[in-house]
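Here's the letter readout for the chains.
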Amino acid sequence: PLFFFQAQPAIGDPLWSRGLGDVYKRQKMENAYGHLLTLGGVLVGECINTASTNETARYVATVRLGNDEARAEATSKKQAIRLASQQILEANGEYD
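Below is a summary of the structure that appears in this document. The model shown is predicted, which means the values in this text are computed figures rather than measured ones.

Our focus in this paragraph is the overall build of the protein chain. Along the backbone of the protein chain there are three helices and four strands. Starting at the N terminus and ending at the C terminus, the protein chain contains elements arranged as α-α-β-β-β-β-α. In the protein chain, which comprises 96 residues, the share counted as buried stands at 24%. Within the protein chain, contacts between residues at least 6 apart in sequence are counted, and of these 34% link residues at least 24 apart. Of the accessible surface of the protein chain, which amounts to about 7,400 Å², a share of 52% is contributed by carbon and sulfur atoms.

Reading the values: rules and limits
Residues numbered from 1 in each chain as written. Predicted model: local features only at pLDDT ≥ 70, side-chain atom pairs only at ≥ 80, totals over all residues. Heavy atoms only, no water. Helix = DSSP H or I, 4+ residues; strand = E, 2+ residues; numbered from the N terminus. Buried < 20%, exposed > 50% of the residue type's maximum accessible area, 1.4 Å probe, protein only. Contact = heavy atoms within 4.5 Å. Areas by Shrake-Rupley, 256 points an atom, 1.4 Å probe, with all protein chains shown as cover.

Printed below as a string of structure tokens:
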């Protein structure tokens, strides 16, 4: 037997789906550090929290690819590493 499924319309929220373009961009950003590693890039030292005790966390990550280095700050280690990786990949024409 054949089965047919009818998609239900999204109710209420017009931003229910942002489309595949946004999904692709998000995946690309999440994979920036992995791509950097495949090109021979490295995380320089540790990603450390530079905030004072009572401040919101502020992690700083530094990455290197060849002779180029990039540094980024964010409120999580993961995001700081992603942002630094994205910066250095953009500078080397590997990320748009």
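Text resumes after the structure shown.
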